Amino acid sequence: MLDAKLLRQNPERIRGALTRRNEPPETWDLLERFYILDGEWRDLTTRTEALRANRNSVSQEVAARKRDQLDAGALIEEMRLVGNQIQAADERLRVLDEEMNGILLRLPNIPHESVPYGHSEDENPELRRHGEIPIFDFAPKPHWDLGTGLALLDFERASKVTGSRFVFYKGIGAQLERALMNFMIDVQTRERGYMEVWPPYLVNRTSMVGTGNLPKFEEDVFRLEEQDYFLIPTAEVPVTNLHRDEILAMGDLPIKYAGFSASFRSEAGAAGKDTRGLIRLHQFNKVELVQFVPPESSYEALESIMADAEAILERLELPYRVIEICTGDLGFKDCKKYDLEVWLPSSAAYREISSCTNFEDFQARRSNIRFRRSDKSKPEYVHTLNGSGLALGRTFAAILENYQEADGSVRIPAALQPYMGGLTRIDV
RNA sequence: GGAGUGAUGGCCGAGUUGGUCGAAGGCGCUCGCCUGCUAAGCGAGUAUACGCUGUAAAGGCGUAUCGAGGGUUCGAAUCCCUCUCACUCCGCCA
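Every value quoted in this text rests on a predicted model; they were computed, and no experiment measured them. (Residues numbered from 1 in each chain as written. Chains lettered and ligands numbered in written order. Predicted model: local features only at pLDDT ≥ 70, side-chain atom pairs only at ≥ 80, totals over all residues. Heavy atoms only, no water.)

Participant: Mind showing me how you'd approach the nonpolar core here?
Facilitator: One recurring pattern in soluble globular proteins is that nonpolar side chains are buried together. Grouped together as the largest cluster of nonpolar side chains are 55 residues, with contacts concentrated most on Leu278 and Phe396. The greatest single-element share of this core, amounting to 8 residues, is contributed by helix α7 (residues 172-191). Residues Ala4, Ile14, Leu44 and Leu105 belong to the second largest nonpolar core, which totals 31 residues. (Core = buried A, V, L, I, M, F, W, Y, C linked by side-chain atoms within 4.5 Å. Buried < 20%, exposed > 50% of the residue type's maximum accessible area, 1.4 Å probe, protein only. Helix = DSSP H or I, 4+ residues; strand = E, 2+ residues; numbered from the N terminus.)

Quick look at the structure:
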């Protein structure tokens, strides 16, 4: 969330951000509403605190008189009235507070000045491409055909057991998914300085609010009926919340975690989109990279986190491109974001496989994650970042499609072979 | 799931016949002194947020915070209620 002080002191900056982001009128209404509430809140706070100060000093007086065996009845009576006024004011302040906080939690982040202006995803600039797009002398099959043909994937039974948008990985398929997990985690922990974490898959509401997944996007996630717990939509949520309400030492930073988890998305509103295959499931696996850094180095960290994700694609020798997200396509909590998109031959298109984001202090402020430069200095908010490194399901799909052969068999990328017991190809 | 105990400042730990408690004491930390080095010793300091005021910085005044929320009271760390979490024992379970 944004700093309430910033809203007060620099309304033009906030309005500029909303303009650049192409925010709908509702967001503007929220902002104007905030200013109205804030005026009343500050006025009432000042007056209430004066009443409190008065009551505190008179109460001392009461204590003194009682000690001296003097009558304090008049003072007590007077303070009873003051107490009533305070109570009424508190009531109103609580209401104001709640609504203001609700607004703050719903106002989007301010895009970094370097983010290109644009209205929608169509205006996201492509920064660069890597790898050779494979040329097939046959019609490349989609991964779901390859996967079911090789008995690696079973969508039919998954929809019997659970429902649509779920999958069973089986046999070599399950092994491949597990190999991807180990490969990705190993690269990030052994070569790129991340600490491995395996987080809870359920989190409480406070954690979801902390990362910015709530209150605005409740329809996108799964919630337990009997308890206010949510299935994590990404490991970003539990891993970022690891340090909620903590004050870190400068020497601890940067903190870098690579977390493996299943991710759960309700995909509300995605009816009809990507209905086949591994691209859009209610549950998928992902290795997520999360960093906590001092503010001055967060943009450097964004570049490095992207490089960490790219390392996986490069080692798997998958063709991909990098795009930068323009202001109009930026997520609610993002300051700046890059997407990595992998080539999928069956659709002859690049598809998102990783997204690397700098949130600056947006999440840190919500979840109260701070650090001290030295023992004497005041706590400051850290900057948080994350990036997928990578989404396993989409990587699985990309391998099947890019490494397929005319007969429907699939070669195993060299980097993965040690994780597959030396297997070099999956034969029909 | 049943029974019980507890939650105080960076840490430990007093305080529970309500008032002089933002909170004793110790440890840690910071600065200064002392000191061949180290250790020890001496002195001072050491929470956060918000509001008002104000500045080049600072500061000043006030309010709130003793797990969270609510209540009683002129006044609550201290009394009452609800919740959360931790620990112990029993049961169950991977």
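The rest of the description comes next.
Participant: Can you help me understand the protein's contact with RNA strand B in this one?
Facilitator: Near RNA strand B you find 22 residues, and of these Arg8, Thr46, Glu49, Ala53 and Arg80 are the closest. Counted by atom, the contact set of RNA strand B within 4 Å of the protein is 68% sugar and phosphate. Take Glu49: an N or O atom from its side chain is 3.0 Å from a base nitrogen of RNA strand B. In this structure, a base nitrogen belonging to RNA strand B sits 3.3 Å away from a main-chain N or O atom of Ser59. Those elements giving two or more residues to the surface near RNA strand B turn out to be α1 (4-9), α3 (25-67) and α4 (73-104). Sort the elements by how many residues they give to the surface near RNA strand B and α3 lands first, with 12 residues. Of the residues contributing to the surface near RNA strand B, the split by class is 7 nonpolar, 3 polar and 12 charged. (Near = heavy atom within 4 Å. Polar contact = N/O pair within 3.5 Å; in protein donor to acceptor, adjacent residues only side chain to side chain. Nonpolar A, V, L, I, M, F, W, Y, C, P; charged D, E, K, R; others polar.)

Participant: What's the story with the sheet that holds strand β4 (residues 195-197) in this structure? I'm lost.
Facilitator: Strand pairing in a sheet relies on backbone hydrogen bonds. The paired strands run either parallel or antiparallel. What the 8 strands build is an open sheet, ordered β1-β10-β11-β12-β15-β9-β8-β4; its pairing is mixed. Single-partner strands in this sheet number two, and they are β1 (126-130) and β4. Averaged over all pairs of adjacent strands, the angle between their axes in this sheet comes to 20°, without regard to strand direction. Across 5 bridges, the pairing between strand β10 (residues 320-324) and strand β11 (residues 336-344) is antiparallel. Note that in β11 the partner of Val322 across the bridge is Leu340. Packed on one face of the sheet, helix α10 (residues 298-315) meets β1, β9 (283-293), β10, β11, β12 (349-360) and β15 (383-391) and runs near 10° to β15. (Pairing = 2+ DSSP bridges. Axes fitted to C-alpha atoms, helices over the stretch in contact; angles between N-to-C directions. Contact = heavy atoms within 4.5 Å.)

Participant: Can you help me understand the sheet that holds strand β14 (residues 380-381) in this one?
Facilitator: Across the sheet, which stays open at both edges, the 3 strands sit in the order β7-β13-β14 with mixed pairing between neighbours. Looking at strand neighbours, the two that pair on one side only are β7 (246-249) and β14, the edges of this open sheet.

Participant: How should α10 be read in this particular structure?
Facilitator: Along an α-helix, residues three or four positions apart point the same way, because every turn accommodates 3.6 residues. Here α10 is 18 residues long and its end C-alpha atoms lie 26 Å apart, about the 26 Å a rise of 1.5 Å per residue gives. One or two positions beyond α10, positive phi appears at Glu317, with a value near 55°. (Expected span 1.5 Å × (residues − 1).)

Participant: Mind showing me how you'd approach the confidence of the model for chain A here?
Facilitator: Regions with low pLDDT should not have their predicted coordinates read in detail. Of the residues in chain A, 100% have a pLDDT of 70 or more, and the chain-wide mean is 92. Confidence metrics for the complex model read pTM 0.92 and ipTM 0.83. (pLDDT = per-residue confidence, 0-100.)

Participant: Honestly, the packing of aromatic side chains in this entry has me stumped. Any pointers?
Facilitator: Geometrically, a pair of aromatic rings is defined through the distance of the ring centres and the angle of the planes. According to the stated counting rule, one finds 9 aromatic pairs in the structure shown. Ring centres of Phe34 and Tyr35 lie 6.0 Å apart, and the angle between their planes is 80°; this geometry places the pair in the edge-to-face category. For Phe34, a relative accessible area of 1% puts it in the buried group. In this structure, Lys256 is placed above the aromatic ring of Tyr194, and the distance from its NZ or CZ to the ring centre is 4.7 Å. (Phe/Tyr/Trp six-rings, centres within 6.5 Å; stacked < 30°, edge-to-face > 60°. Lys NZ or Arg CZ within 6 Å of the ring centre and 35° of its normal.)

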